[in-house]
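Chains, contacts and geometry: an overview
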Amino acid sequence: MTRVMDAPFLEDAQGRRRQASRATRHAVRSQLHVALLDEEDLDDKVLPVVPHDLGRKTSPKPKKAPAPGRRGGFKVWKTAFWKRRRELWAERNAAERAIAEAE
């Protein structure tokens, strides 16, 4: 009995894929080690393909829907930088108006 058979069933798919890949790699290495003793047998060997090796990369999480009343996109003018700039511009414009009215 192998270690894979003795191990309890893994609930998560990623752990199962990892375990199956590891078991297959171990089996292939053992087969190749035995096949090295007989060169003719080495030429006839067909290495197994692990089905779990396909599609390892998980998909990104779907985007959440925006809260009600919100528009999509990033509001550049709502960043702290532009808030400070607008405040400075407002002060400058007020000063210019005060100078123009004083003349």
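Residues numbered from 1 in each chain as written. Predicted model: local features only at pLDDT ≥ 70, side-chain atom pairs only at ≥ 80, totals over all residues. Heavy atoms only, no water.

**What about the overall build of the chain?**
- Of regular secondary structure, the chain possesses 4 helices and 0 strands.
- Counted from the first residue to the last, the chain has its helices and strands arranged as α-α-α-α.
- Here the chain holds 103 residues, and the buried ones make up 9% of them.
- In the structure as shown, the chain presents an accessible area of about 10,000 Å², 57% of it carried by carbon and sulfur atoms. (Helix = DSSP H or I, 4+ residues; strand = E, 2+ residues; numbered from the N terminus. Buried < 20%, exposed > 50% of the residue type's maximum accessible area, 1.4 Å probe, protein only. Areas by Shrake-Rupley, 256 points an atom, 1.4 Å probe, with all protein chains shown as cover.)

**Focus: the packing of aromatic side chains**
- Scanning the entire structure with this criterion turns up 2 aromatic pairs.
- Ring geometry for Trp82 versus Trp89: centroids 6.1 Å apart, planes at 55°, classification tilted.
- By relative accessible area, which is 31% here, Trp82 ends up partly exposed.
- An aromatic cluster of at least three residues, connected via ring pairs, comprises Phe81, Trp82 and Trp89. (Phe/Tyr/Trp six-rings, centres within 6.5 Å; stacked < 30°, edge-to-face > 60°.)

**Section: a nonpolar patch on the surface**
- A surface patch of nonpolar side chains, about 440 Å² in accessible area, is lined by Val76, Phe81, Trp82, Leu88 and Trp89.
- Here Trp89 is to be found in helix H4 (residues 80-102). (Patch = residues over 30% accessible without salt bridge, like charges linked within 9 Å, V, L, I, M, F, W, Y side chains within 5 Å. Salt bridge = Lys/Arg side-chain N within 4 Å of Asp/Glu carboxyl O.)

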